[in-house]
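Reading the structure
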Amino acid sequence: MVIRIDELSDIPIYLQIRNQIVMGISSGELGAGEQLPTVRALALEMGINTMTVSKAYQLLKTEGYIMTDRKNGARVRLEIKMQANIPEGNKTELRRIVSEARISGVSKQELLRLVNEYYGDEK
Amino acid sequence: MSLYFGLIMFLCIVPTLVICFFQMYPKNWQEKKLILGVKNREEFREGEAHEAVNKIYQKCRRQALGIVIVGCIISAILLLLRGFALQTTLWMSFILLALVAISIPMAVGNRELKDLKRRLGLKEGAGISFVDLSNAGNVRALKGWQVALPNAVGSLFLIPVLLEDLGVIRLGTGMEAGSFLGTGVMGICVGMGLLISALAFLMDGLRNEVISSDSAVNANYNRAKKKNFADFFVMFLWVNVIFMIGLAGLFYFRYSDALSLITLTLYLGLVMVGIAVFVSRDKRIEALYHKDMVLLSDDDDSWVLGMFYYNPKDKRLNVEKRVGVGGTINLAHPMGKVLGGLAALCLLGSVLSVVWICMLESTPIRLYTEEGRIVCHQLRDEYVIEYGDILAVSFGENVRELRMIKVNGVGTDQLLKGIFTVDFEHDCRVFLAPAAGNYIRIQTLEHTYYVSGATAEETQEAYEALVAYGVGF
């Protein structure tokens, strides 16, 4: 799986890493139990500090997407706990996206088509 | 000998210039990943932008071709030169100038292309980088034993030479034991092998390039590139071993400057062939994967003149070069700054050393007697021998008859100065202008001196002064 890092983005790099790994898990590009690169290897490839990668992995671990241990490094969890609800922060973010789309004249159908594309085609 | 030296330089610089030209200014820029150190974007291949880019590129290519042709002509003219100092100075200056000159059209073109990008508002991909999670840190082509084996074999040939220099064993008649010339040269070769090994591992550990969204393509591309690097470095290591075997043969059996130069020529020839094979394979890999290169990341602004990488946000020290092949350092990295400074110092040092050699050869040595002592003087070096210390003095008619091996100092066609082994006698102080022809051998309590003036008359005059004083007779 290829991840894309934007140095000029307002989103911190550790969050960009976290978001793209989550998207990878959701789309199936990263399978259950799949090995992730070590913190050091990923930092070296990206040319960033190991602390940044470590922070991203820590966040993913806390959120229950990956598991880490000293021997095997980081892996995608075999079973990700399904809470079946959208966290408040994401709801606010979704609301912002919908609002911006409405103001800029994007139709509801177009928005739903995108949601279907991102959600429906995945898995 | 000077013609031979010139030939070696010619055989090195002309192919280097030609390889540089084809590597930096390939014919079909449309099919390349980079143009003059700038990422080759889709927009460059259509409409007005295509015309503008082509105009800039063809202008730079023509200029570079002109530089290569002029460089080859100058190299041929330099072949006619005689005299070590003049040859060394001019060849060194020419090599530096030629390598800088062939990069100038590229630097100018790089600036013009970046200006064009700004004018066209091409910003897509700026600050973007891609990482393949499947391949991060996984793609390697170099095995430890591939590097360890040639280094071990090479070191084996150093041991007998060292033991002979230490007087522990006696192998042949090639070199005089105790001069440490053999150990020094073989030691440099072993050091060279270790340096090549370090570079090999450095290149093998380079970041994997992401050219496609398909991890398998990325893995194959990077593996092919790294395999090419690994093969080149392993080949270089074995050529180094062959060179060491050749040198060891000379040291054991029959050492001569001419034979060592022939060995050096073969070594350089094999390295040049290796470089040509490496470049050609690299080009083939790039051509093969060209159609798969779909991801656009743009870090053009981190490449100063398209050649020097300066990116404070990038924590990596070594990155793949944009111009030519191989790697370079991130000059924004603290270690990169140190290495960049060292490289600049080495460059300056080599220029200054050439100037110094030139001064040494162009300044005549002086030999004179004064107030109860004999003085040899040139630039900052001086031997002062008090008459009272002299045990014996003899006069030699032909300096060429002496069998001399330099241990430390200067040994050129015009000047022999420093510590030498002369006719199997170690630790002799030599201060000779071979052009004078004759020489005086002075034996003191501590050392044996072989000295002469710049001319035969000057030597004769100093000898007569010693005779007149009855010193050492």
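Relevant structure appears above.
Before going into details, it helps to say that this report is about the structure given with it. Throughout, residues of each chain are indexed from 1 in the direction in which the sequence is written. Here chains are named by letter from A upward and ligands by number from 1 upward, in the order in which they appear as written. For a predicted model such as this one, the threshold for reporting local features is a pLDDT of at least 70, and the threshold for listing and counting side-chain atom pairs is 80 or more; totals across whole chains, interfaces and linings nevertheless cover every residue.

To continue, consider the packing of helix α1 (residues 13–27) of chain A against helix α3 (residues 50–62) of chain A. All names here are of chain A. Here α1 crosses α3 at 45°, and the two axes come no closer than 8 Å. Taken together, the axis directions place α1 and α3 in an arrangement best described as oblique. Relative to α3, the crossing made by α1 is right-handed. Of the residues in α3, those in contact with I13, Y14, I17, R18 and I21 of α1 are T52, V53, K55, A56, L59 and L60. Interaxial angle, 0 to 180 degrees, is taken between N-to-C directions of lines fitted to C-alpha atoms, where a helix line uses only the stretch in contact. In this description a helix means any DSSP run of H or I spanning at least four residues, a strand means any run of E spanning at least two, and both kinds are numbered starting from the N terminus. An angle below 35 degrees is read as roughly parallel, one above 145 as roughly antiparallel, one from 65 to 115 as roughly perpendicular, and any other as oblique. Two helices cross in a left-handed way if the nearer one is turned anticlockwise from the farther one by less than a right angle. They cross in a right-handed way if the turn is clockwise. Placing a C-beta atom from the backbone of each residue, one calls two residues in contact when those atoms lie within 7 Å.

For the rest of this paragraph, the subject is the sheet that holds strand β13 (residues 416–422) of chain B. All names here are of chain B. Between any two strands, at least two bridges found by DSSP are needed for them to pair. If you walk across this open sheet you meet the six strands as β11-β15-β16-β14-β13-β12, and the pairing is mixed. At either end of the open sheet lies a strand with only one pairing partner, and these are β11 (390–396) and β12 (404–411). Across the sheet, the mean angle from the axis of one strand to that of its neighbour is 25°, orientation sign disregarded. Relative to strand β14 (residues 425–432), β13 runs antiparallel, the two being bridged by six bridges. By the bridge assignment, L416 is partnered in β14 with L432. Of the strands in this sheet, β11 and β15 (439–444) touch helix α9 (residues 456–469), which is tilted by about 40° from β15.

Right, let's talk about the sheet that holds strand β8 (residues 366–370) of chain B for a bit. Residues and elements named next belong to chain B. One open sheet accounts for three strands, arranged β8-β9-β10; its pairing is antiparallel. Two strands lie at the open edges of the sheet, namely β8 and β10 (381–386), each paired on one side alone. Here the average twist between neighbouring strands, direction ignored, is 15°. Here β8 runs beside strand β9 (residues 373–378); their pairing, made up of five bridges, is antiparallel. Across the sheet, residue R366 finds its bridge partner in β9, namely H377. Contacts between α9 and the sheet are confined to β8 and β9, with β8 contributing the most and set at about 20° to the helix.

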